[in-house]
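# Residue-level structure breakdown
Letter by letter, the chains look like this.
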Amino acid sequence: MRHRLALRIGPVAFRIGSAWAAPLAELARLYAPYPAADGAADFTVRLEPAAPWRRIIRPSVAIAGDYTLPDAAPLPLAQGLLAAEMGMNLQMALGQKRFLLLHAGVVERDGKALILTGPSGAGKSTLAALLGTRGWRFMGDEFGLLDPESGLLHPFPRAISLKNASLALFDDVDPERLGPVLRGTPKGTIRHLRPPADAIARMAHSARPALILFPRFGRDLPATQRPVGAAEVFVRLTQASTNYVSLGERGFGALTALVGGTPARAIDYSSTEEAIGLVEQTWAAQG
Amino acid sequence: MRDARLLTRILADPSQASTVRDWTALLCVARAEAVAGTLAFRLDGVPVPANVGAMLADIRRDAAQARTQAVWEAEMARRALAATGVPIVLLKGTAYATADLTPAPGRSIGDLDILVPRAALADVEEALLAAGWEWVKENAYDDLYYRRWMHELPPLIHRERDRMIDVHHTILPLTARRTPDAQAMIDDSVALPNGLRVLAPEDMVLHAVAHLFADGDLAGGLRNLWDIDRLLRAFAVAPDWWCRLEARARRHDLLAPTRRALRLSARFYETPLDAGLAGRSATDRLYARRLLARDGWGRPRRRGTRFGFYVRSHWLRMPPMMLARHLLEKARR
């Protein structure tokens, strides 16, 4: 490929190739402080023209790589950074077999990990990012990497993708940490935020799961928290995992151990301040 | 990497792993050619860089899990079809895995492929639909095309397990120029302990040959050729193997493709062969060019060569007028 970049994020190394310079330049800037990726890459991502002439005329970025989805729609070149991020997510979702993947935000304090999971729009990404600025270490906002052998969670501190209204919550961060504003993407307006420095410095440090939270956001929801039964937690987490089935018995063992050993609560909230308060309160109650 | 030559070299001789400089490219090509699992098993115990070793271990574990799943899927089909009394012959990856044959370690297995007598097709179809399989192709043209001209039913998918089954009733499309005798292959097939069947050794090689050279456009060809290499190495120890293979190849109208498979397998994987049977041909180079057409980023290369083989695959499948109508229908979508 004309342009290439190697990235290591937590335990996973990517090789990203692109037909255009711009997406990789943006990616390189966003991930500038990350340690160099040497050795073989776990996954290859390719950003290539959807058709040969689409490299120059109305450039259109198709996401490809070791693993691809046949019906993935190409993105305009202006959203090349998003294409690269989606390409990395795709490789993880379809190809990662070392860890059980949980679609979750993960933060850590005192070596103990808090897992925030739930459907899209529940606020796990925003909450994980905010907690990362308030005394927690940000471990990831997309995937929790659960090691079936050790039961530990590994950090995967990718650039945080802020969506729509949550962009305003990070207005005061160092502009150096922000990517370009991407308008009109399939998920609305998106802007990428580089995780805090301590998240990057400690991205080789795993943590033991200590609490699972299922946040639910709604303008009219009263702030509250309640327990969730183990069977319910198990089923919800199988749905939150992209590779639970393909891991077979290892996946079942990993998830059973996680659910058996980790308390879980659901929290409802109508504002981020409420949510942060509920998280702190629930965390403290677990001791 | 300009083409997939390094991949075939390491598969043939894993001790050359110490010469690999770009492991990322090698693994990427291996994934694109669907032989990553095979490569990982070939390199088991060979010294490689530490992080490569960890990746290969992941791939091996994943392949073992996929194999369990494939064998289970065959068992599900066996149960679904038990009452029909129809002989069920497993083909390709699932056959190798279930019968524990030499191509099995790490081999990728996509769909479940089975061969049944053509006369039993209606019973098989009915039993599968009753057991939870559903049609994949919604398009009426595709459905009719399969039913009228192809060597298999339109693909079915199981609604709970999300796994595809291809029910073959012959070896090549009904319109194809070559005409292997599927019923003879079924008659000569071998029963496994669980009642499922696999093809006899010669037919197993011939079936792999038919799918590599007489049917498709050589996509996945390096993997199919690897199957042929492994099968030949295992079967050729039997007395008279090459004579029997030649006789069966003649009988199934597959002598020329078989000879080509022997030559290319030896070219890439150093397969021991019978020189008299293998013969020689100047066009092997073109086939080799097509089979290796993959760069270090996993991208298909050599567009012209690929297109040529794509056209050839259709040419082999159907007479010219029918081909014209078929391509027109496809182009209209």
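Because the structure is predicted, anything quoted here is derived from the model rather than measured.

### Details of the side chain of A:Ser125
Residue and element names in this part refer to chain A. Tracing the chain through its elements places Ser125 in helix H3 (residues 124–131). By relative accessible area, which is 15% here, Ser125 ends up buried. Non-local contacts of Ser125, meaning those with residues more than four positions away in its chain, are made with Asp141, Ile160 and Ser161.

### Focus: the pattern of salt bridges
Taken as a whole and assessed by the stated rule, the structure comprises 36 salt bridges over all chains. The residue B:Arg31 makes a salt bridge to A:Asp66 at a minimum N-O spacing of 2.7 Å. Taken together, the positions of B:Arg31 in helix H2 (residues 23–32) and A:Asp66 in the loop between strand S4 (60–65) and strand S5 (75–76) put the pair across two chains. By relative accessible area, which is 14% here, A:Asp66 ends up buried. In this structure, the salt-bridge partner of A:Arg226 is A:Asp268, at a minimum N-O distance of 3.1 Å. Within this pair, whereas A:Arg226 is found in strand S15 (residues 224–227), its partner A:Asp268 is found in strand S16 (residues 264–269), the two being separated by 42 residues in sequence. Classification of A:Arg226 as partly exposed rests on a relative accessible area of 35%. Taken together, the shared-partner salt bridges connect A:Asp42, A:Arg98, B:Asp58 and B:Arg61 into one network.

### Remarks on the environment of A:Asn89
All names here are of chain A. Here Asn89 shows up in helix H2 (residues 80–95). A relative accessible area of 16% means that Asn89 is categorised as buried. Placed 53 residues apart in sequence, Asn89 and Glu142 show a C-alpha to C-alpha distance of 8.3 Å. Apart from residues no more than four positions distant in its own chain, Asn89 is found in contact with Glu142, Phe143 and Arg158.

### Some thoughts on the sheet that holds strand S11 (residues 160–163) of chain A
All names here are of chain A. One open sheet holds the three strands; their spatial order is S11-S13-S12, and the pairing between them is antiparallel. Looking at strand neighbours, the two that pair on one side only are S11 and strand S12 (178–185), the edges of this open sheet. Put simply, the sheet's adjacent strands are angled 25° from each other on average, direction ignored. Sheet analysis places S11 next to strand S13 (residues 188–193), joined by four bridges and oriented antiparallel.

### Some points on unusual backbone geometry
All names here are of chain B. The backbone of Asp240 shows a phi angle near 65°, a positive value even though the residue is not glycine. With respect to the helices and strands, the residue Asp240 is situated in the loop between helix H10 (221–235) and helix H11 (241–251). Using a relative accessible area of 55% as the deciding quantity, one classes Asp240 as exposed.

### Some words on the sheet that holds strand S1 (residues 3–9) of chain A
Residue and element names in this part refer to chain A. Read from one edge to the other, the open sheet built from five strands follows the order S1-S2-S3-S4-S5, with strand pairing classed as mixed. For this open sheet the edge positions go to S1 and S5, each flanked by a neighbour on one side alone. Note that S1 and strand S2 (residues 12–18) share seven bridges and pair antiparallel. In the strand pairing of S2, Ala6 is matched with Arg15. Here helix H1 (residues 22–30) sits on the sheet and contacts S1, S2 and strand S3 (43–49); the angle it forms with S1, its principal contact strand, is near 30°.

### Describing the interface of chain B and chain A
Facing 19 residues of chain B, the contacting portion of chain A comprises 28 residues. In total, about 1800 Å² of surface goes out of reach between chain B and chain A, with carbon and sulfur atoms giving 48% of it. Connecting chain B to chain A are three salt bridges. B:Asp58 is paired through a salt bridge with A:Arg98; the nearest N and O atoms lie 2.6 Å apart. On the surface where chain B and chain A come into contact, there are nine residue pairs in polar contact (both at pLDDT 80 or more). For the side of chain B that touches chain A, the elements supplying multiple residues, two or more each, are H2 and helix H4 (50–81) of chain B. Counting residues per element, the side of chain B that touches chain A draws most heavily on H4(B), which supplies nine residues. Classifying every residue of the side of chain B that touches chain A gives seven nonpolar, six polar and six charged.

### Focus on the packing of helix H1 (residues 5–12) of chain B against helix H12 (residues 255–269) of chain B
Residue and element names in this part refer to chain B. Where H1 meets H12, the closest approach of the two axes is 8 Å, and the angle between their N-to-C directions is 85°. What the angle tells us is that H1 and H12 run roughly perpendicular. The segment H1 lies against H12, with Arg5, Thr8, Leu11 and Ala12 engaging Arg267, Phe268 and Tyr269. Across the contact of H1 with H12, the residue classes break down as four nonpolar, one polar and two charged.

### Examining the packing of aromatic side chains
Residues and elements named next belong to chain A. Per the counting criterion, the structure on display carries 15 aromatic pairs over all chains. Plain terms: the ring middles of Phe14 and Phe43 are 6.1 Å apart, the flat faces sit at 35° to each other, and that makes the pair tilted. Here Phe14, found in strand S2, pairs with Phe43, found in strand S3; they are 29 residues apart in sequence, far enough to count as distant. Here Phe14 and Phe43 have matching classes, each one buried. Geometrically, the ring pair formed by Phe234 and Phe252 is edge-to-face, given 5.9 Å between the ring centres and 70° between the ring planes. Pair noted here: Phe234 is in helix H5 (residues 230–239) and Phe252 is in helix H6 (residues 249–261), with a separation of 18 residues, a long-range link. The exposure class of Phe234 is buried, given its relative accessible area of 18%. With a relative accessible area of 46%, Phe252 lands in the partly exposed category. Sitting over the ring of Phe214, Arg236 keeps its end group 4.6 Å from the ring centre.

### What to know about the confidence of the model for chain B
In the predicted model, chain B carries a mean pLDDT of 92, and 100% of its residues have values of at least 70. Confidence metrics for the complex model read pTM 0.92 and ipTM 0.92.

### Comments concerning the nonpolar core
Ranked by internal contacts, the top residues of the largest apolar core, which has 95 residues, are B:Leu7, B:Leu39, B:Leu90, B:Ile114, B:Leu128, B:Ile165 and B:Val167. Broken down by element, the residue count for this core peaks at nine residues, all from helix H9 (residues 201–215) of chain B. With residues near it in sequence (within four places) discarded, B:Leu7 still touches B:Met1, B:Leu26, B:Val29, B:Ala30, B:Glu33, B:Val35, B:Leu39 and B:Leu222. Among the nonpolar cores identified, the runner-up in size contains 37 residues, and A:Leu30, A:Val45, A:Phe99 and A:Leu182 belong to it.

Each value, and the rule that gives it
- Residues numbered from 1 in each chain as written.
- Chains lettered and ligands numbered in written order.
- Predicted model: local features only at pLDDT ≥ 70, side-chain atom pairs only at ≥ 80, totals over all residues.
- Heavy atoms only, no water.
- Helix = DSSP H or I, 4+ residues; strand = E, 2+ residues; numbered from the N terminus.
- Buried < 20%, exposed > 50% of the residue type's maximum accessible area, 1.4 Å probe, protein only.
- Contact = heavy atoms within 4.5 Å.
- Salt bridge = Lys/Arg side-chain N within 4 Å of Asp/Glu carboxyl O.
- Pairing = 2+ DSSP bridges.
- Axes fitted to C-alpha atoms, helices over the stretch in contact; angles between N-to-C directions.
- Buried area = accessible area lost by both parts, 1.4 Å probe.
- Polar contact = N/O pair within 3.5 Å; in protein donor to acceptor, adjacent residues only side chain to side chain.
- Nonpolar A, V, L, I, M, F, W, Y, C, P; charged D, E, K, R; others polar.
- Parallel < 35°, antiparallel > 145°, perpendicular 65-115°, else oblique.
- Phe/Tyr/Trp six-rings, centres within 6.5 Å; stacked < 30°, edge-to-face > 60°.
- Lys NZ or Arg CZ within 6 Å of the ring centre and 35° of its normal.
- pLDDT = per-residue confidence, 0-100.
- Core = buried A, V, L, I, M, F, W, Y, C linked by side-chain atoms within 4.5 Å.

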